[in-house]
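If you want the building blocks of each chain, they are given just below.
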Amino acid sequence: MTRQQFFTTSGMIAIALVIGASALGIGQRIAASASAATSVVAAPRGDGSVQRVALGYDGRNYTPETIRVRRGVPVEITADLATLRGCFTSFVIPDLNLWTQFTTARPTFAFTPDRAGTFRFTCAMGMGSGRLIVEG
């Protein structure tokens, strides 16, 4: 084997090891998230008052990942700014044309859902996501 063949082969082996290790890590993260219980918060109901939700970050995604509310009843989402960082301080519900940036001056976002359905929410970069389920 020539010196060039040796280095080419060694480089290909190194690349294969990196790709394999990366794939293993991705597989472990997928398995972990599939096995993790999805947090669901049902906002308070009954008297027609404001439905309040505390939104945080658990190290991998928004928490809760699923929020249930009633159509036509005001919703207040308050950010736990001790856990939400970076792009996770933005909150977007594209199908409802809603967007906010949580700050220490404005940690709460209020809106009233006007239609029932399941709507995806994300950070501005799409790295974190969840579901808003509007019932009724």
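Numbering of residues starts from 1 in each chain and follows the order in which that chain's sequence is written. Residue-level local features of this predicted model are given only where pLDDT is at least 70; pairs of side-chain atoms are given and counted only at 80 or more, and the full residue set underlies all totals for whole chains, interfaces and linings. Hydrogen atoms and water are omitted, and side-chain values are computed over all heavy atoms in the structure.

Q: Residues and numbers for the sheet that holds strand S3 (residues 62–63), please.
A: Taken together, the four strands give an open sheet; going across it, the order is S3-S2-S5-S8, and neighbouring strands pair in mixed fashion. With one partner strand each, in any of the chains shown, S3 and strand S8 (108–111) form the two edges of the open sheet. Direction of pairing for strand S2 (residues 51–57) relative to S3: antiparallel, over a ladder of two bridges. Note on S3: the bridge partner recorded for Gly56 is Thr63. For two strands to pair, DSSP has to find at least two bridges joining them. Secondary structure follows DSSP: runs of H or I at least 4 residues long count as helices, runs of E at least 2 residues long count as strands, and numbering of each begins at the N terminus.

Q: Explain the nonpolar core residue by residue, including any values.
A: Generally speaking, soluble globular proteins have nonpolar side chains that are buried together. Residues belong to one nonpolar core when they are buried, are Ala, Val, Leu, Ile, Met, Phe, Trp, Tyr or Cys, and are joined through side-chain atoms within 4.5 Å. For each residue, the accessible area found with a 1.4 Å probe, counting protein chains only, is set against the maximum for its type, and the residue is called buried under 20%, exposed over 50%, and partly exposed in between. Counting 24 residues, the largest nonpolar core has Tyr62, Ile77, Phe91, Ile93, Phe102, Phe111 and Leu132 as its most contacted members. With three residues, strand S5 (residues 75–79) is the largest single contributor of residues to this core. Any two residues having at least one pair of non-hydrogen atoms within 4.5 Å are treated as being in contact. Residue contacts for Phe91: discarding those within four places in its chain leaves Leu55, Tyr62, Ile77, Leu98, Trp99, Thr100, Phe102, Phe109, Phe121 and Thr122.

Q: An account of unusual backbone geometry is needed here, citing residue identities and associated values.
A: Across the junction of Thr63 and Pro64, the peptide omega takes the value 5°, indicating a cis bond. As for its position among the elements, Pro64 is in the loop between S3 and strand S4 (66–70). Positive phi outside glycine occurs at Asn97, with the angle close to 55°. Along the polypeptide, Asn97 turns up in the loop between strand S6 (90–93) and strand S7 (98–101). Exposure remark for Asn97: the relative accessible area of 73% places this residue in the exposed category.

Q: I'd like to hear about the side chain of Thr66, residue by residue, with values.
A: Along the chain, Thr66 turns up in strand S4. In this structure the side chain of Thr66 is engaged in a polar contact, spanning 3.3 Å, whose partner is the side chain of Arg131. Each polar contact in these results corresponds to two N or O atoms within 3.5 Å; when the atoms are within protein, one needs to be able to donate a hydrogen and the other to accept it, and residues that are neighboring in sequence are counted only if both atoms are side-chain atoms.

Q: Could you give an account of the packing of aromatic side chains, with specific residues and numbers?
A: Ring pairs shown here join Phe, Tyr and Trp side chains whose ring centres sit within 6.5 Å, with only the six-membered ring taken for Trp; geometry is labelled stacked below 30 degrees between planes, edge-to-face above 60, and tilted in between. The full count for this structure, using the stated rule, is eight aromatic pairs. Between the aromatic rings of Phe91 and Phe121, the centroid separation amounts to 5.0 Å while the plane-to-plane angle is 40°, which identifies the pairing as tilted. Highlighted residues: Phe91 in strand S6 and Phe121 in strand S9 (residues 117–122), separated in sequence by 30 residues. Just as Phe91 is buried, Phe121 falls in that class too. Consider the rings of Phe109 and Phe111, whose centres lie 5.5 Å apart with planes at 35°: the pair is tilted. Just as Phe109 is buried, Phe111 falls in that class too. Members of the aromatic cluster, each reached through a chain of ring pairs, are Tyr57, Tyr62, Phe88, Phe91, Phe102, Phe109, Phe111 and Phe121.

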